Amino acid sequence: MTILVTGGAGFIGSNFILDWLAQGEEPVVNLDALTYAGNLENLASLQGDARHVFVQGDITDRALVDRLLAEHRPRALIHFAAESHVDRSISGPGAFIKTNIEGTYTLLEAARQHWQGLPEPERAAFRFHHVSTDEVYGSLKAEDPAFAETNAYEPNSPYSASKAASDHLVRAWHHTYGLPVLTTNCSNNYGPYHFPEKLIPLMIVNALAGKPLPVYGDGQQIRDWLYVRDHASAIRAVLAEGRVGETYNIGGWNEMANIDIVKTVCALLDELRPDAAGPYSRLITYVKDRPGHDRRYAIDARKIERELGWRPAETFATGIRKTVQWYLDHPAWVQRVQSGAYRDWVQQQYGA
Ligand code: NAD
Ligand code: DAU
């Protein structure tokens, strides 16, 4: 048996593959275009491991996806590949429409054709697992209950709109054609291999470089943070036991304001790598807000706990300590991802 993963060289996909191969022997075929966010160094520990087959290619390439399905006959396709950064979707939405919508459509059509041709019992066992986000539900007010699977979709950014569109396609391919799909909508992840355009790794690498820590608006926006390996274990649980056609929300039961996240990172760095110039919090700099910035996300993760017995293993205190330590232990990884293209993005987004 084999699984096909898309986007497995990115942050969550690579953590998922490392976790998957640490748990068992089932091989993984990893289809990834290696955009700026894809990094094979994340999977360096699998070099020479026959259980990991890497294929560089685009999910919008139907012929390639058809060939991989025919050649490897995976029992499941787990779809991580996406353009994932909200700020980039604001400055350049085109790639989000192409990868997140057209790419998901391409995979669904290829998977449908493949699945329809499978003999039983492979046909009954096949799964298309779509990895999505809590951002499709829009923004919560302080007093609102957390997002449940029954919430209406109200995406607010080009990124979340493109993910919402992909979720709708997945739903329709199940409803219309019977494709056995699973969808998970997860909250903000953090952990090793997180590209330093996102809040937590950006704060760590900027602090270590003595650069400003840019906090958007008033810093009181709330996110629900989950350690990335807990996301991986949730996906494994849904793939194994999730009910076909269902959606499962995944979250960390851990709502925190951005400014408190930044202060936590600063305090850990003060402890683990003290700076003679003074506490890292001196670098906190309020900058102009993200256009259309969602105020609050929070996940009601009771369904996945009730049906599948899943709960996160890490608390924020344990997960963030591991994460900060990982960045301190991997300066070469940090240095290499801060390539020319990365510097161009930082210049465009934050100016001098
Ligand atoms: P990421 O940006 O770190 O990685 C995306 C990966 O997809 C990269 O390896 C990239 O090379 C690849 N990719 C992009 N376009 C491609 C294409 N056209 N064809 C093939 N590969 C392509 O993203 P991530 O943070 O790891 O997110 C993975 C998935 O999880 C996404 O679908 C995202 O929407 C979802 N998600 C992310 C979070 C989070 O906090 N990061 C939370 C919930 C859900
Ligand atoms: O909720 C799940 C989503 O979480 C995923 O679907 C996305 O792929 C992922 O990127 C993430 O989106 P966010 O926009 O919440 O993550 P980001 O790390 O970009 O920002 C987290 C919060 O921090 C958000 O309120 C914006 C703020 N922020 C971010 C950056 C990059 C800052 O204040 N300063 C910054 O420089």
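What counts, and at which threshold
- Residues numbered from 1 in each chain as written.
- Chains lettered and ligands numbered in written order.
- Predicted model: local features only at pLDDT ≥ 70, side-chain atom pairs only at ≥ 80, totals over all residues.
- Heavy atoms only, no water.
- UniProt positions renumbered as here; feature names shortened; annotations may be inferred.
- Helix = DSSP H or I, 4+ residues; strand = E, 2+ residues; numbered from the N terminus.
- Buried < 20%, exposed > 50% of the residue type's maximum accessible area, 1.4 Å probe, protein only.
- Near = heavy atom within 4 Å.
- Polar contact = N/O pair within 3.5 Å; in protein donor to acceptor, adjacent residues only side chain to side chain.
- Nonpolar A, V, L, I, M, F, W, Y, C, P; charged D, E, K, R; others polar.
- Pairing = 2+ DSSP bridges.
- Contact = heavy atoms within 4.5 Å.
- Core = buried A, V, L, I, M, F, W, Y, C linked by side-chain atoms within 4.5 Å.

1. Overview of the UniProt feature "domain: NAD(P)-binding" (unreviewed entry) in the protein chain
Look at the UniProt record and you will see "domain: NAD(P)-binding" (unreviewed entry) annotated at residues 4-323. Taken end to end, residues 4-323 comprises 41% helix and 17% strand; its first and last C-alpha atoms sit 28 Å apart.

2. With respect to unusual backbone geometry
Excluding glycine, most residues fall at negative phi; most peptide bonds, likewise, are trans. Following Glu120, the chain continues to Pro121 via a peptide bond in cis, the omega torsion being 5 degrees. With respect to the helices and strands, the residue Pro121 is situated in the loop between helix H4 (94-116) and helix H5 (122-125). With a phi close to 40 degrees, Arg73 is a non-glycine residue in the positive phi region. For Arg73, the location among the structural elements is in the loop between helix H2 (62-72) and strand S4 (76-79). Its relative accessible area of 43% is what places Arg73 among the partly exposed residues. Phi angles above zero are rare outside glycine, and Trp253 is one such case at about 50 degrees. If you trace the backbone, Trp253 turns up in the loop between strand S10 (247-250) and strand S11 (255-257). For Trp253, a relative accessible area of 40% puts it in the partly exposed group.

3. A short note on the site of ligand 1
Neighbouring ligand 1 are 28 residues, the closest being Ile12, Asp32, Ser84, Tyr159 and Lys163. Contact distances for ligand 1 include 2.7 Å between an oxygen atom and a side-chain N or O atom of Lys163. Listed by contribution, the elements that provide at least two residues to the shell around ligand 1 are helix H1 (11-23), strand S5 (127-133), helix H6 (158-177) and strand S7 (188-190). Residues of the shell around ligand 1, tallied by class, amount to 13 nonpolar, 12 polar and three charged.

4. Here's the deal with the pairing of strand S8 (residues 213-216)
The two faces of S8 match: Leu213 and Val215 on one face and Pro214 and Tyr216 on the other face are all buried. Pairing between S8 and strand S12 (residues 284-287): four bridges, direction parallel. By the bridge assignment, Tyr216 is partnered in S12 with Val287.

5. Examining the environment of Thr183
By the element assignment, Thr183 lies in strand S6 (residues 181-186). Residues Thr183 and Ile78, 105 residues apart in the sequence, show an inter-C-alpha distance of 9.9 Å. When residues no more than four places from it in sequence are discounted, the contact partners of Thr183 are His130, Ser132, Asp167, Val170, Glu246, Thr247 and Tyr248.

6. Brief notes about the nonpolar core
Core analysis: the largest hydrophobic core is formed by 64 residues, its most contacted members being Phe16, Ile78 and Ile304. For this core, the element with the highest residue contribution is helix H9 (residues 258-272), accounting for seven residues. Setting aside its immediate chain neighbours within four residues, Ile304 contacts Ala234, Val238, Tyr248, Asn249, Ile250, Gly309 and Trp310. Core analysis: the second largest hydrophobic core is formed by 23 residues, Leu68, Leu107, Ala111 and Phe128 among them.

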